[in-house]
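# Overview (structure and organization)
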Amino acid sequence: MGEREIRDLLRSHAVFAALRDDALSALVRLTSVGRVRKGESLWRHGERASSFMVVAEGLVGVSVPGGARREVLLGIAGPGDAVGEAAALLGETRRDHAFAFSSATAVARVPRDAVTSLCENEGALSLEFARQFATRQRAADRRLASLTQPSETRIAEMVLALTARFGERLDDGSVVVPHRITRANLAAMVGTTIETAIRTLSRWTRDGVLAPAEGSLVVNDVTALARIAQVAPESVPHLAELTRLV
């Protein structure tokens, strides 16, 4: 990946988009991009955060240790998304684990010292970091509150979020999430059992909300999914557009 591609990648993230051209150019020269094999770690729990990371290609999963030797999948980041910013900004040890979720994954690493130095002199950068952290906290609060909802509602919310973030329309009007996201992944993200996830998605497939698919999620009826999730389609970014497509 050349300097122009790295520049475009950093510009695609709201934090770095706030930088002046000369400041961004300085970061680009310090940024390295590396490929990561599926399942390979970007960092492990307990490691010191030394860089900011932005997903260039593929998907990155972030998890935390759970009970009974299992990990809880906190979320999935795609191209243009940053991961682990808080620990990097504070220079803390990582409390989570990040790994390549897909087979073709590339990540840009920006040295922590270079970013924190800019934060001291660039008010726009610091303000955008604050906005991003506030948005993340609001999402975390919303996710915590959703734990009181039935499993079916939580699974629908997660499938809806994945559809809004990664969905692509097919010729028949359905929407596909073109990444392998298993029932186990969904169960881990919403805090339920694999068996519950399997039963729920199987029922939605029988009802025509989802389409049978090997290795991907295919949503036939986004509006019906939003209804199960008790979410207004217009309240989810990109979902209103997807609703018009199906």
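Scroll up a little and you will see the structure.
This report concerns the structure included in the present document.

Take the environment of Ser-25 next. Relative to the elements of secondary structure, Ser-25 occurs in helix α3 (residues 21-30). According to the relative accessible area criterion, Ser-25 is buried, its value standing at 16%. Considering only alpha carbons, one finds Ser-25 and Ile-6, 19 residues apart in sequence, at a separation of 9.7 Å. At a separation of 2.3 Å, a polar atom in the side chain of Ser-25 contacts the side chain of Arg-7.

Pairing is antiparallel across the open sheet formed by 4 strands, whose spatial order is β2-β7-β4-β5. One side of each edge strand has no neighbouring strand; the edge strands of this open sheet are β2 (41-43) and β5 (71-77). Neighbour to neighbour, the strand axes of the sheet diverge by 30 degrees on average, direction disregarded. In the sheet, strand β4 (residues 60-65) pairs with β5 via 6 bridges, with the strands oriented antiparallel. Bridge pairing links Val-64 to Val-72 in β5.

Bringing the sheet that holds strand β8 (residues 105-111) into the picture now. Here 4 strands make up an open sheet; going across it, the order is β1-β8-β3-β6 and the pairing antiparallel. Strands at the two margins of the open sheet, each flanked by one partner only, are β1 (32-36) and β6 (82-83). Where β1 and β8 come together, 5 bridges link them in antiparallel fashion. By the bridge assignment, Val-33 is partnered in β8 with Ala-108. Sitting on the sheet, helix α5 (residues 112-121) is in contact with β3 (51-57) and β8, with an inclination near 55 degrees to β8.

Turning to the environment of Asp-81, a few remarks are in order. Relative to the helices and strands, Asp-81 is located in the loop between β5 and β6. For Asp-81, the residues in contact, after removing those within four places along its chain, are His-13, Met-53, Val-54, Val-55 and Arg-165. At 2.9 Å, the side chain of Asp-81 forms a polar contact with the side chain of Arg-165.

Below, the discussion takes up the environment of Ile-6. Position of Ile-6 relative to the elements: it lies in helix α1 (residues 3-11). On the basis of relative accessibility, which here comes to 6%, the residue Ile-6 falls in the buried class. With 48 residues separating them in the primary sequence, Ile-6 and Val-54 have C-alpha atoms 10.0 Å apart. With near-sequence residues (within four places) excluded, Ile-6 lies in contact with Met-1, Val-28, Thr-31 and Val-33.

Calculation rules
Throughout this description, residue numbers start from 1 for each chain and increase along the sequence as written. The predicted nature of this model means local features are confined to residues of pLDDT at least 70 and side-chain atom pairs, given and counted, to a pLDDT of 80 or more, with totals for whole chains, interfaces and linings taken over all residues. Side-chain metrics in this entry use all non-hydrogen atoms of the structure; hydrogen atoms and water are not considered. A run of DSSP states H or I qualifies as a helix once it reaches four residues; a run of E qualifies as a strand once it reaches two. Both are numbered from the N-terminal end. Here's how the labels work: a residue is buried when its accessible area is under 20% of the maximum for its type, exposed when over 50%, partly exposed in between, all with a 1.4 Å probe on protein chains only. Two N or O atoms count as a polar contact when they lie within 3.5 Å, although within protein this holds only if one can serve as hydrogen donor and the other as acceptor, and sequence-adjacent residues are included solely when both atoms are side-chain atoms. Each pair of strands is called paired provided DSSP finds at least two bridges between the two strands. Every axis in this analysis is a line fitted to C-alpha atoms, fitted for helices over the stretch in contact. Angles between the N-to-C directions lie between 0 and 180 degrees. Working rule for contacts: check all heavy atoms of both residues, and any pair within 4.5 Å makes them a contact.

So yeah, pure geometry; function would need other evidence.
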